[in-house]
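Inside the fold
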Amino acid sequence: MSAQGRGALRAGFDFYATPEWAVRAILPFVQEELGEGLVLEPAAGDGAILRVLLDDGLAPQRLRAVELRADGVARVQEVLGVPCQRADFLAWLPQFAPRLIITNPPFKLAFEFAQRAASLVRPDGAVALLVRLGWLSSQRRAPWLRAHPADVFVLPRRPSFTPDGRSDAADYCWWVFRPARAHRPGSWRIL
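Residues numbered from 1 in each chain as written. Predicted model: local features only at pLDDT ≥ 70, side-chain atom pairs only at ≥ 80, totals over all residues. Heavy atoms only, no water.

**Quick look at the overall build of the protein**
Spelled out, the test is: We count a stretch as a helix when DSSP gives it H or I for four or more residues in a row; a strand needs E for two or more, and each element gets its number in order from the N terminus. Atoms counted for the radius of gyration: C-alpha only. Globule rule: 2.2 Å times residue count to the power 0.38. A simple rule labels every residue: compare its accessible area, found with a 1.4 Å probe on the protein chains alone, to the largest value its type can have, and call it buried under 20%, exposed over 50%, or partly exposed in between. Here, residues are in contact when the closest pair of their heavy atoms is within 4.5 Å. Only four residue types enter the tally: Lys and Arg on the positive side, Asp and Glu on the negative side, with His and both chain ends excluded. Positions of charges follow a simple convention, taking NZ of Lys, CZ of Arg, CG of Asp or CD of Glu.
Each helix and strand in the protein was counted, giving 6 helices and 8 strands. Element order for the protein, N to C, with α for helix and β for strand: α-α-β-α-β-α-β-β-α-β-α-β-β-β. Relative to a compact globule of 191 residues, whose C-alpha radius of gyration would be 16 Å, the protein shows 15 Å and is just as compact. Once the C-alpha set of the protein is aligned to its principal axes, its extents read approximately 40 × 40 × 30 Å. Taken over 191 residues, the protein has a buried fraction of 50%. Residue pairs at least 24 apart in sequence account for 70% of intrachain contacts in the protein once pairs closer than 6 positions are excluded. Here the protein contributes 24 positive and 19 negative side-chain charges, whose respective centroids are spaced 5 Å apart.

Put into structure tokens, the structure is as follows:
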């Protein structure tokens, strides 16, 4: 997801690779969910998030991925060895309930990804979405976000989602929802 170059043409499929440091920033806060069960990346892209999880020792057998682009599916499966289905996550019918769903969703579909992920994750699991900080302030999303209180982990600097390394024009956070803790208010933390 990228706010860089407002008004410019967006990348195909709204694909913007997730910086490694941004993934590493959230991992200490989802360790419980990484400890057991399956982990799903529903917008796998080129496998940036999966690569960090593999580098941190998560076995490929514990990972699953969904990707709309054929070249992304091939890369995730052939290069990373992670099972990946070519599908639209919003219409995909999984054969399992993941313990953790972690992704950098397409910007235009971030809310739909949040809703879908929250409906699929195990009750003792978590959903971690990398979203613009401004995504949290929306009249349309407000009722749903109130009903799904989450912990918000604000990135300390703006990420670059492009090969040229320029910073994005927006601030970002990880939105982490845990169904088992939905009865309590969410928290904020600067990473």
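Continuing now.
**Considering the environment of E32**
Along the chain, E32 turns up in helix α2 (residues 31-34). When the C-alpha positions of E32 and A126 are compared, they lie 9.3 Å apart, and in sequence the two are 94 residues distant. When residues no more than four places from it in sequence are discounted, the contact partners of E32 are R99 and R181.

**What to know about the side chain of T18**
Worth spelling out the cut-off: A 3.5 Å cut-off defines polar contacts: any pair of N or O atoms within that distance qualifies, except that in protein one atom must be a possible hydrogen donor and the other a possible acceptor, and neighbouring residues in sequence count only when both atoms are side-chain atoms.
Inspection of the secondary structure assignment puts T18 in the segment before α1 (20-26). On the basis of relative accessibility, which here comes to 9%, the residue T18 falls in the buried class. A polar contact is formed between the side chain of T18 and the side chain of N104, at a distance of 3.0 Å.

**Side note on helix α4 (residues 70-78)**
Using the following cut-off: The directions considered for the arc run from the helix axis to the C-beta atoms.
Taken together, the buried positions of α4 are occupied by G72, V73 and V76. For α4, the angular spread of the buried residues around the axis is 100°, confining them to a single face. Facing away from the buried surface of α4 by more than 90 degrees, the exposed residues are D71 and E78. Turning to α4, the residues buried within the fold contact α3 (48-55), β2 (63-67) and β3 (84-86).

**Thoughts on the pattern of salt bridges**
Note the following rule: Salt bridges are identified by distance alone: a Lys or Arg side-chain nitrogen within 4 Å of an Asp or Glu carboxyl oxygen.
Applying the stated criterion to the full structure yields 14 salt bridges. Ionic pairing is found between R184 and D151, a salt bridge with its closest N-O pair at 2.9 Å. One end of the pair, R184, is in the loop between β7 (172-177) and β8 (188-190); the other, D151, is in strand β6 (residues 150-154), with 33 residues separating them in the sequence. Classification of R184 by relative accessible area gives partly exposed; the value is 24%. With relative accessibility at 7%, the residue D151 sits in the buried group. Through salt bridges that share partners, E32, E36, R99, R122, D124 and R181 make up one connected network.

**Things to note about the side chain of S138**
Structurally, the position occupied by S138 is in the loop between β5 (126-132) and α6 (142-147). Overall, S138 belongs to the buried group, its relative accessible area being 17%. A distance of 3.3 Å separates a polar side-chain atom of S138 from the backbone nitrogen of R140. One polar contact links the side chain of S138 to the main-chain amide nitrogen of R141, over a distance of 3.2 Å.

**Concerning the confidence of the model for the protein**
Where we set the bar: As a per-residue measure, pLDDT reflects the predictor's confidence and takes values from 0 up to 100.
Across the protein, pLDDT averages 90, with 91% of residues at or above 70. Within the model, pLDDT remains below 50 along residues 1-10, and this stretch shows 33 contacts once partners closer than five positions in the same chain are excluded.

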